[in-house]
Amino acid sequence: MKILVTGGLGFIGSHTVVELQNEGFEVVIIDDCSNSSENVLEGIQSITGKAPIFEKLDLKEKAKVQDFFKRHEDVEGVIHFAASKAVGESVEKPLLYYENNIATLVYLLQELAAKNRASFIFSSSCTVYGQADTMPITENAPVKPAESPYGNTKQMGEEIIADTCKVTPGLNAIALRYFNPMGAHPSTEIGELPIGVPQNLVPFITQTGVGMREQLSVFGDDYPTEDGTCVRDYIYVVDLAKAHVIALKRLLEGKNTMNYDVFNVGTGKGSTVLEVIQSFERVSGKKLNYKIVDRRPGDITTAYADTTKANEQLGWKAEYTLDQAMGSAWNWEQKIRKPS
Ligand code: WQD
């Protein structure tokens, strides 16, 4: 069975391609390589022994999207990762985000709606909750006004899919609201490849650990949390990738009870920034050089998932611990920084 993975050369996309191939799916990747490299294909193939079909294509070009689906009529499911995801950049360039994250989604859905039956998995985010009022966060928590155009594209994306599914019986979709993905494949053949200075905590930690960065700045330790630093739900990327395959199979096998549904994908456990640093120090045996600085504007205090719905309805649960995920991130960082 052929599955399209858009953004399949990216961090979460590439790990999901591996898990799809492990389950026997034929995978075709569309990626415009604006934030990824074709070398990732070799990494995927070295893990699974199978080369995904790859088409470098910009989903903003509607005619190209239509042509793709004419040439690949046997695509039965789509996992849609391709999107811009830098929160700060989205504030400066909102139209780039609305075009790249929304127009492309519309073009994909137009093709899928024209098929008799299609399954669609959407990469959403816990960002839609903003600062939720109660912890852990369930899927019923209110979606709050987005704090950035990026977050807004995730909220709008979910609504566009829900509206389309309402009038398209053959279209079945699931939105997966990720918490904080981290880590790398155990093989160290694929992992996170941030371009430039990493915005996210874990790659900044491992780049500091490997000597690429002088010092980690911890953005504030005066939050109302156990140690004053922000709490997040850090989920291992392979656990997250497996959730996509399980969600897709639920739709392909017709086990879904609604033709649009939403699931939180996290570990259900919150960790503070200092606890993540301590995890790095445990797994690496190195002291991390960091300093406490001012809060980062826009950061919320606490977010971690209630994963009951995914546990019970998808039969999925995160299996890896923070230290195991951090160990994979550290192994990956050391490998890619080794002088070739
Ligand atoms: C985590 C914590 C920072 C960097 C992001 C995306 C969000 C979603 C999840 C995609 C915060 C602190 C960070 C640093 C630090 N991804 N931090 N020093 O902000 O929770 O969310 O990932 O959907 O859209 O924005 O993740 O890794 O940036 O920050 O102290 O150098 O680490 O303040 O408390 P965040 P993050």
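Bear in mind that the values here come from a model prediction, so they are computed numbers and not experimental data. (Residues numbered from 1 in each chain as written. Predicted model: local features only at pLDDT ≥ 70, side-chain atom pairs only at ≥ 80, totals over all residues. Heavy atoms only, no water.)

Asker: Got a minute to help me understand empty space enclosed by the protein in this structure?
Answerer: Empty space among the atoms becomes visible once a probe the size of a water molecule is rolled across them. Enumeration over the complete set of coordinates arrives at two cavities of 30 Å³ or more. Counted as a void, the largest cavity has a volume near 90 Å³. Together, 13 residues line the largest cavity, and Glu192, Pro203, Thr206, Trp332 and Glu333 are the ones closest to its centre. Elements represented by at least two residues in the lining of the largest cavity include exactly α7 (201-209) and α11 (322-337). Residues that form the lining of the largest cavity fall into these classes: seven nonpolar, three polar and three charged. Put simply, the second largest cavity is a space of about 60 Å³. Contributing to the lining of the second largest cavity are His80, Phe81, Ala82, Ala83, Asn101, Phe122, Ser123, Thr153 and Lys154. Broken down by secondary-structure element, the contributors of at least two residues to the lining of the second largest cavity are β5 (118-125) and α6 (149-166). (1 Å grid on protein atoms, 1.4 Å probe; cavity = no way out; pocket = protein on both sides within 12 Å on 5 of 7 lines; lining within 4 Å. Points joined across faces, edges and corners; volume = space filled by probe spheres on them. Helix = DSSP H or I, 4+ residues; strand = E, 2+ residues; numbered from the N terminus. Nonpolar A, V, L, I, M, F, W, Y, C, P; charged D, E, K, R; others polar.)

Asker: Can you help me understand the site of the ligand in this one?
Answerer: Inspection of the region around the ligand gives 19 residues, with Tyr150, Leu201, Ser217, Arg232 and Asp299 positioned closest. Separating an oxygen atom of the ligand from a side-chain N or O atom of Ser125 is a distance of 3.0 Å. With respect to the ligand, the side chain of Arg296 contributes an N or O atom lying 2.9 Å from an oxygen atom. At four residues, the largest contribution of residues to the shell around the ligand is made by strand β8 (residues 216-219). Residues of the shell around the ligand, tallied by class, amount to 10 nonpolar, six polar and three charged. (Near = heavy atom within 4 Å. Polar contact = N/O pair within 3.5 Å; in protein donor to acceptor, adjacent residues only side chain to side chain.)

Asker: Just checking my understanding: could you explain α6 for this structure?
Answerer: Two residues of an α-helix separated by three or four positions point the same way, owing to the 3.6 residues in each turn. Taking 1.5 Å per residue as the helical rise, α6 with its 18 residues ought to reach 26 Å, and the 25 Å between its terminal C-alpha atoms agrees with that figure. Residues of α6 that are buried: Pro149, Tyr150, Gly151, Thr153, Lys154, Gln155, Gly157, Glu158, Ile161, Ala162, Thr164 and Cys165. On its buried face, α6 is in contact with α4 (87-92), α5 (94-113), β5, β6 (171-178) and β11 (260-265). (Expected span 1.5 Å × (residues − 1). Buried < 20%, exposed > 50% of the residue type's maximum accessible area, 1.4 Å probe, protein only. Contact = heavy atoms within 4.5 Å.)

Asker: Please clarify how the pattern of salt bridges should be interpreted in this entry.
Answerer: Oppositely charged side chains can form a pair if their charged atoms are brought close together. Taken as a whole and assessed by the stated rule, the structure comprises 19 salt bridges. A salt bridge links Asp133 to Lys144; its shortest N-O distance comes to 2.7 Å. Remark: Lys144 occurs in the loop between β5 and α6 and Asp133 occurs in the loop between β5 and α6; sequence separation between them is 11 residues. With a relative accessible area of 62%, Asp133 lands in the exposed category. A network of salt bridges, in which partner residues are shared, links Glu55, Asp67 and Arg71. (Salt bridge = Lys/Arg side-chain N within 4 Å of Asp/Glu carboxyl O.)

Asker: Sorry, what's going on with the layout of surface pockets here?
Answerer: Computed from the structure, the second largest pocket encloses a volume of approximately 160 Å³. Surrounding the second largest pocket, Asp233, Tyr234, Thr267, Lys269, Ser271, Lys317, Ala318, Tyr320, Thr321 and Leu322 form its lining. A per-class count over the lining of the second largest pocket returns four nonpolar, three polar and three charged.

Asker: What should I look at first to understand the sheet that holds β5 in this one?
Answerer: Paired through backbone hydrogen bonds, the strands of a sheet run either parallel or antiparallel to each other. The strand order across the open sheet formed by seven strands is β3-β2-β1-β4-β5-β6-β11, and the pairing between neighbours is parallel. Looking at which strands have only one partner, the edges of the open sheet turn out to be β3 (53-56) and β11. Taken pair by pair, the neighbouring strands of this sheet meet at an average axis angle of 20 degrees, ignoring direction. Two strands pair when backbone bridges link them, and strand β4 (residues 75-80) and β5 are joined in this way by four bridges, in the parallel orientation. Residue Gly77 lies in a different strand from β5, and its bridge partner there is Ser119. In this fold helix α3 (residues 62-71) packs onto β1 (2-6), β2 (26-31), β3 and β4, with an angle of close to 140 degrees to the strand it touches most, β4. (Pairing = 2+ DSSP bridges. Axes fitted to C-alpha atoms, helices over the stretch in contact; angles between N-to-C directions.)

All quantities given are derived from atomic positions and should not be read as evidence of function.
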